[in-house]
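Breakdown of the fold
Each chain, written out:
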Amino acid sequence: MRIHLTSVFVDDQEKALRFYTGALGFVKKHDVPLGEARWLTVVSPEAPEGTELLLEPDGHPAVKPYKEALVHDGIPAASFAVDDVTAEFGRLSELGVTFVQEPLTMGPVTTAVLDDTCGNLIQIAHSA
């Protein structure tokens, strides 16, 4: 068994696509119209056949309070692996990405947490 698909709830799929591809560097995999929404997934350019991230609309009534509670408590909705958190923090900061936690090393793990502009906190992490 392996993870094939996971999702992050977003308040605007087009804005999310721009952020996740333009800033974070993912590439669009699927973009299928489904009424007012889309089946919109992105993947890592390093693993185009790997795990897909669904940029899922947050229209369900339970989602917005859930997202707000996570953000209020500083809990990331997802965590993405990077080779160098400090370098990625610098690159993303140059692009105007807002971080709510600068790089922090805790034993063998370094993390930073960013605002994805779509209502979520996202962690970037590297484990030595």
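Residues numbered from 1 in each chain as written. Predicted model: local features only at pLDDT ≥ 70, side-chain atom pairs only at ≥ 80, totals over all residues. Heavy atoms only, no water.

By the naming in an unreviewed UniProt entry, the protein chain goes by VOC family protein and is assigned to Streptomyces odorifer.

Some thoughts on the sheet that holds strand β2 (residues 27-34)
Put simply, the test is: The criterion for strand pairing is that DSSP finds at least two bridges linking the strands in question. Strands here mean DSSP runs of E at least two residues long; helices mean DSSP runs of H or I at least four residues long; both are numbered from the N terminus. Here an angle of 0 to 180 degrees is reported between the N-to-C directions of two axes, which are lines fitted to C-alpha atoms, with helices fitted over the stretch in contact. Residues are treated as being in contact if the distance between any of their heavy atoms lies within 4.5 Å.
The strand order β1-β4-β3-β2 describes an open sheet built from four strands, whose pairing is mixed. Bordering the open sheet on either side are β1 (5-10) and β2, each of which pairs with just one other strand. Direction aside, the axes of adjacent strands within the sheet are offset by 25 degrees on average. Here β1 runs beside strand β4 (residues 52-57); their pairing, made up of six bridges, is parallel. Bridge pairing in β4 links T6 to L53. Here helix α1 (residues 13-23) sits on the sheet in contact with β1, β2, β3 (37-43) and β4, set at roughly 5 degrees to β3.

Things to note about the sheet that holds strand β7 (residues 109-115)
Strand order across the open sheet formed by four strands is β5-β8-β7-β6, with mixed pairing between neighbours. If you trace the sheet from one side to the other, it starts and ends with β5 (78-81) and β6 (99-106), each paired once. The average angle at which neighbouring strand axes cross in this sheet is 20 degrees, direction not considered. Relative to strand β8 (residues 121-127), β7 is paired through seven bridges, and the arrangement is antiparallel. Directly across from T111, in β8, lies its bridge partner A125. In this fold helix α3 (residues 85-94) packs onto β6, β7 and β8, with an angle of close to 165 degrees to the strand it touches most, β6.

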